[in-house]
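Geometric and topological summary
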Amino acid sequence: AAQALVPYQVEGGEIRTPLTAQPGDEARGREVVRGREEVNCLLCHSVPDTGDRFMGNLGPPLAGAGARFSAGQLRLWLVDAKRVVPETIMPSYYRVEGLNMVATRYRGKPILDAQQIEDAVSYLATLKEGAR
């Protein structure tokens, strides 16, 4: 059963209100970020302390992301990166409207559900070291 999208509000360059009542889980978020299937952050970003090989450099390193961005800013990046940088190649992991070239299996549904977004935000917020 498809999960209904949680409405969200962008204010001042961030989504301040979490998408779920349940707090994000840092360990699950680490797995979301490191996962090579659905999200594959490692395709474009290097992630510290993972031991993973073959990390990309199309996007900025995620080291220090928790020092550079608030949880609300991280949430907006994940939900709809084009709201932050219109020309970004980063996919919208939660927004489903107004997208181009969407794989059939994702049409009308987000890549990540609301809890996965919150889990990923919790993990990324812990990445304080290595801020540039």
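This text goes with the structure placed above it.
Description of the structure in this document.

Cut-offs applied
- Residues numbered from 1 in each chain as written.
- Predicted model: local features only at pLDDT ≥ 70, side-chain atom pairs only at ≥ 80, totals over all residues.
- Heavy atoms only, no water.
- Helix = DSSP H or I, 4+ residues; strand = E, 2+ residues; numbered from the N terminus.
- Buried < 20%, exposed > 50% of the residue type's maximum accessible area, 1.4 Å probe, protein only.
- 1 Å grid on protein atoms, 1.4 Å probe; cavity = no way out; pocket = protein on both sides within 12 Å on 5 of 7 lines; lining within 4 Å.
- Points joined across faces, edges and corners; volume = space filled by probe spheres on them.
- Nonpolar A, V, L, I, M, F, W, Y, C, P; charged D, E, K, R; others polar.
- Axes fitted to C-alpha atoms, helices over the stretch in contact; angles between N-to-C directions.
- Parallel < 35°, antiparallel > 145°, perpendicular 65-115°, else oblique.
- Left-handed = near helix turned anticlockwise from the far one by under 90°.
- Contact = heavy atoms within 4.5 Å.
- Salt bridge = Lys/Arg side-chain N within 4 Å of Asp/Glu carboxyl O.

A positive phi angle is found at Asn-40, which is not glycine, with a value near 55°. Tracing the backbone through its elements, the reader meets Asn-40 in the loop between α1 (26-34) and α2 (65-68). Asn-40 gets classed as buried once you look at its relative accessible area, which sits at 19%.

Turning next to the layout of surface pockets. Summary: where empty space remains is shown by rolling a probe the size of a single water molecule over the atoms. Estimates place the volume of the largest pocket at around 990 Å³. For the largest pocket, the lining is made up of 40 residues, of which Ile-89, Met-90, Pro-91, Ser-92 and Tyr-93 are closest to its centre. At the level of elements, α2 and α3 (71-80) are the ones that each hand at least two residues to the lining of the largest pocket. For the lining of the largest pocket, the leading source of residues is α3, giving three residues. Residues belonging to the lining of the largest pocket are distributed by class as follows: 27 nonpolar, seven polar and six charged.

This brings us to the packing of α3 against helix α4 (residues 114-125). Look at α3 against α4: their axes get within 9 Å of each other, and the N-to-C directions meet at 130°. Considering their axes alone, α3 and α4 lie oblique with respect to each other. In this structure, the crossing between α3 and α4 has a hand that is right-handed. Across the interface between the two elements, Ala-71, Leu-74, Arg-75, Leu-78 and Val-79 of α3 pack against Ile-117, Glu-118, Ala-120, Val-121, Leu-124 and Ala-125 of α4. Here the contact of α3 with α4 is composed, by residue class, of nine nonpolar, no polar and two charged.

Now for the side chain of Asp-119. Residue position: Asp-119 is located in helix α4. A relative accessible area of 3% means that Asp-119 is categorised as buried. With near-sequence residues (within four places) excluded, Asp-119 lies in contact with Pro-23, Gly-24, Asp-25, Arg-28 and Gly-29.

Position of Leu-74 among the secondary structure elements: in helix α3. The spacing of Leu-74 and Val-6 is 68 residues in sequence and 17 Å in space, taken between C-alpha atoms. Ignoring anything within four residues of it in the chain, the contact list for Leu-74 reads Ala-65, Phe-69, Val-121, Leu-124 and Ala-125.

Scanning all chains against the criterion turns up six salt bridges. Here Arg-75 ties to Glu-118 by a salt bridge, and the two come within 2.7 Å at their closest N and O atoms. On the criterion of sequence distance, the pair formed by Arg-75 in helix α3 and Glu-118 in helix α4 is long-range, its members being 43 residues apart. This pair shows no difference in class: Arg-75 is buried, exactly as Glu-118 is.

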